[in-house]
Amino acid sequence: MIETRTADAIVVGWGLAGLVAATELLEAGKSVLLIDQESEANLGGQAWWSFGGLFLIDSPEQRRMGIKDSIDLARQDWFGSAGFDRDDEDFWGKQWAEAYLQFAHTEKRAWLRERGHRIFPVVGWAERGGGLATGHGNSVPRFHITWGTGPGIVEPFERAVRAGIDAGRLTLLPRHRVDALIVEDGAVVGACGNVLAQDAAARGQATNRDVIGEFEVRAASTLIATGGIGGNHDLVREAWPARLGTPPQHMLSGVPAHVDGRGIGIAAEAGARLVNGDRMWHYVEGIQNWDPVWAKHGIRILPGPSSLWLDATGKRLPTPLFPGFDTLATLDYLRSTGHDHSWFILDQAIIEKEFALSGSEQNPDLTNKSIRELLRQRLGKGATEPVEAFKRNGADFVVADDLDALFRGIAELDTDGVFDADRARAELEARDREFDNDFTKDAQVQAIRVARNYRGDKLIRVAGPHRIQDPKAGPLIAVKLHVLTRKSLGGIQTNLDSQALDASGAPIPGLYAAGEAAGFGGGGVHGYRSLEGTFLGGCLFSGRAAGRAMAKQA
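The rules behind each value
- Residues numbered from 1 in each chain as written.
- Predicted model: local features only at pLDDT ≥ 70, side-chain atom pairs only at ≥ 80, totals over all residues.
- Heavy atoms only, no water.
- Buried < 20%, exposed > 50% of the residue type's maximum accessible area, 1.4 Å probe, protein only.
- Helix = DSSP H or I, 4+ residues; strand = E, 2+ residues; numbered from the N terminus.
- Arc of directions from axis to C-beta.
- Contact = heavy atoms within 4.5 Å.
- Polar contact = N/O pair within 3.5 Å; in protein donor to acceptor, adjacent residues only side chain to side chain.
- Pairing = 2+ DSSP bridges.
- Patch = residues over 30% accessible without salt bridge, like charges linked within 9 Å, V, L, I, M, F, W, Y side chains within 5 Å.
- Areas by Shrake-Rupley, 256 points an atom, 1.4 Å probe, with all protein chains shown as cover.
- Salt bridge = Lys/Arg side-chain N within 4 Å of Asp/Glu carboxyl O.

Draft legend 1. Expanded view of helix α15 (residues 403-413). Where α15 is concerned, the buried positions are L403, L406, F407, G409 and I410. Looking down the long axis of α15, one finds its buried residues gathered within 155° of arc, a one-sided arrangement. In this structure, α15 carries R408, A411 and E412 as exposed residues pointing more than 90 degrees from its buried face. In this fold, the buried residues of α15 make contact with β16 (341-347), β18 (397-400), α16 (421-433) and β19 (476-488). One side-chain oxygen of the residue at the start of α15 lies 3.1 Å from the amide nitrogen of D404, identifying that residue as D402.

Draft legend 2. Structural detail: the pairing of strand β7 (residues 176-184). As paired elements, β7 and strand β8 (residues 187-196) share eight bridges and run antiparallel to each other. Looking at β8, one finds that A180 is bridged to C192. Hairpin connection between β7 and β8: a loop of two residues separates the two successive antiparallel strands, and D185 in this loop has a positive phi of roughly 55°.

Draft legend 3. Spotlight on a nonpolar patch on the surface. Taken together, the side chains of I371, L375, L379 and L459 make up a nonpolar region of the molecular surface, amounting to roughly 380 Å² of accessible area. Broken down by element, the residue count for the nonpolar patch peaks at three residues, all from helix α13 (residues 371-379). Relative to the elements of secondary structure, L375 occurs in helix α13.

Draft legend 4. Just the pattern of salt bridges, in detail. With the rule as written, the count across this model stands at 41 salt bridges. A salt bridge links R115 to E24, with the shortest nitrogen-to-oxygen separation between them at 3.8 Å. Within this pair, whereas R115 is found in the loop between α6 (108-113) and β5 (143-145), its partner E24 is found in helix α1 (residues 16-27), the two being separated by 91 residues in sequence. Just as R115 is buried, E24 falls in that class too. The residue E61 makes a salt bridge to R64 at a minimum N-O spacing of 3.5 Å. A residue pair is termed a helical-turn pair when its members lie 3 or 4 positions apart in one helix, as E61 and R64 do in helix α3 (residues 60-64) at three residues. A relative accessible area of 54% places R64 in the exposed class. The network of salt bridges with shared partners includes D85, R86, D90, R243, D278 and R279.

Here it is as C-alpha cells:
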C-alpha cells in the first residue's frame, strides 16, 4: 500500500535552505510536508556542521573593528572573484549576486537578529586574494562568525519548524527518499519514492537503504533543497573541469555520504536545466579526522598567513598562493604538480595563533556559547584543545624539535616518495632570513605584517612575525594536506523567485530549487570563486525567496 499525503507545499531536503523555506511557508499560514531521506538526527543538514560564517557588508561589527566597507567595494570583490563569462548560464547567477549583495548590506543581519541570531564580535578575514584590486578576494574582513556556530544558525529555523509540527501545520517525513517528481500537464504537482527503514545512526553517519514501503505526496509547489555532490566522489570526478587538471585519486570528504547529488538529477529528469556543473569549491588544506563521523571524513584547516606552504616535492608555492588567500588558484596550481598532497611547515607559535578548524564540533567554545572557554581557548596559552588533539593524534601531523627530525617524519608520510628535504630546507632558510629586517621583498612576509595592521588578526589570528626555526617558537610542525571535497557552485538554474527553469529559460510550474542544489541561487551565484561566508548566506537567501514565492502559489 502506498502512503499518500497532501499539503500546500512540499520541501525536499531539510538543510538550512529547506528549513528557511519551510519557516517562510509556515509564517504565511501554509501547510508543509518536510521530507528527507535521512533520519531526524540530521535535521539542519550541512549547516549544522559548519563554522557558521556569514558574509555581511558594512556591519556594526565591522565598524567597531575599524573596517571601512561598502556595497561598491563588496560588488568589486564579488564580481572580480566570480569571473562570470557565460552569457546564458550566468544570466541568473549575476542577478542573484546583485540581489544577494543588497541583502547582505541591508536586511540580512537584522532579519537574523529578530530570530535570536547573534554574531561573535571579531570579524574574520577569509579569502584575502592577494592579487589586484579588481581580482579575487575580500578587500576587507567580512567573515562574521555565528555565536553558536552552525547549530546557532540552524536553531531559529528548527524552532519554527518544531512549532509548526506542534501546531499541526508541518509534517516531518524522515527516511522518505524522493525518487521522482510527479509531472502532470507540464507542471510539477508532487513527488514519489521509497520509505526507508528506520536507522539509529548518529548525525552524519551512514544509514541503511532498506526499502520498507512507497509514498506519494502532492502539493501546489515542490522545493528541491537537497544539497550538492560533495559526498559522491564519482560525481565530483565526473564534473571535474579540465582547467583544474586531473581530479585527485585520493580525496577526503568534507560532507557525509548522503550529500550525493540525487535531488539535482531528479529535478533534471523533470525538465529542470542544470548549469555550471563544472564549477566547484574544494579545499586543499584538508586533514584526516582522527575521530571520524563519516567515511573519508576530513577537516579543513582555516589557516592564518604565516605557515610555509610546500608542494609534495618541497617546493614553495608561488605568490600569492599563501595560506588563506586564494582557494581555487591554489587547487589549480597543486593539481599541476602531479601529486594529491602538499605540506604546511610551521611551529608551535604559529599553530597556537593561526590554526582554526572548520566545523561546529571542532569549536566547542563558540558552539556552546561559552565566554569563559572562549577566553581560555583563544587567548590563553597553547592552541585550542581540538587543534592540540589533532597535533597529538592526527595521522597527518609531524612534530619535532629540529629540522632533520621533522624531515624524517615527513619522509614516513610521503607516500609518493618525492619530498626533497634539501630543497625544503633551502626554502625555509630563505624565508626565515627575510625576518631580519622590518622590510622585505618576500610577499608572504609583507602579507603577514599587513595582516597584523588589522586588530582582529593581531588579537587572535596572526602570529607575530618570526623565524620558523627560532627555538623559542618551537617545536617544529609539519602537516600533510589533502584535497577536501565540499561545495558545488553550479546546479539547477532558477529565477529570482527560486523557480526552476527549463531548457528554454521558462519557469517549470510548481518546481522550485534553493541552496546548494541551485548553486546557492540562479544556478551559480558565485561564478567560479566564492568569497567565503557566502554558502550559508546563499542558503538563507535562496530558501527565503523560495518559501515566499511558494506561499503565493499555494
